[in-house]
Amino acid sequence: MEKAPGCAPGSTRGGAESPLDAICLSESDKTAVLTLIREEIISKEIEANEWKRKYEGSRQEVLEMRKIVAEYEKTIAQMIEDEQRTNMTSQKSLQQLTMEKEQALSDLNSVERSLSDLFRRYENLKGVLEGFKKVN
């Protein structure tokens, strides 16, 4: 880069209108530097916008995944609740069947005792009748 004519180090021309005026550069050099800076700013803005877009995409994915996980947790909780309800119903049914079985066994024992008693009486009456037949 060329130094601007009549510019001493540290001096300013024209009252320092821009930050580059304090630097001893020719107008064409200043324009080139400003163009490079503008291009760099535009490049960085494009890059920043791209990162923002990627961030938004990732954020949306995270939100969707959170919804999916929440739905999954809700489904699992429902399944657990259903399983507990089914388990309780099964336990009640088992208790009911156990009670019915115990009652049936009790009734069976009672009928067996009654039949045994009836058979014993029958045998006694049979013996008494045979005794009457022998006497007559």
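Whatever comes next refers back to the structure up there.
What this report covers is the structure whose coordinates are included nearby. (Residues numbered from 1 in each chain as written. Predicted model: local features only at pLDDT ≥ 70, side-chain atom pairs only at ≥ 80, totals over all residues. Heavy atoms only, no water.)

## Quick look at the packing of aromatic side chains
For the structure on display, the rule yields one aromatic pair. Where Phe 119 meets Tyr 122, the ring centres are 6.5 Å apart and the plane angle is 35°; that geometry is what we call tilted. You can see Phe 119 and its partner Tyr 122 sitting in helix H1 (residues 27-135), three residues apart, about one turn around the helix. Phe 119 gets classed as exposed once you look at its relative accessible area, which sits at 53%. Tyr 122 gets classed as partly exposed once you look at its relative accessible area, which sits at 49%. The residue whose ring lies beneath Lys 54 is Trp 51, and the NZ or CZ to ring-centre distance is 4.9 Å. (Phe/Tyr/Trp six-rings, centres within 6.5 Å; stacked < 30°, edge-to-face > 60°. Helix = DSSP H or I, 4+ residues; strand = E, 2+ residues; numbered from the N terminus. Buried < 20%, exposed > 50% of the residue type's maximum accessible area, 1.4 Å probe, protein only. Lys NZ or Arg CZ within 6 Å of the ring centre and 35° of its normal.)

## Some details on the pattern of salt bridges
Here the structure, examined in full by the defined rule, presents eight salt bridges. Residues Glu 50 and Lys 54 are paired through a salt bridge, measuring 3.5 Å at the closest nitrogen-oxygen approach. With a gap of four residues between them, Glu 50 and Lys 54 both fall in helix H1, about one helical turn apart. Since its relative accessible area comes to 39%, Lys 54 is described here as partly exposed. A salt bridge links Asp 117 to Arg 120, with the nearest nitrogen and oxygen atoms 2.1 Å apart. (Salt bridge = Lys/Arg side-chain N within 4 Å of Asp/Glu carboxyl O.)

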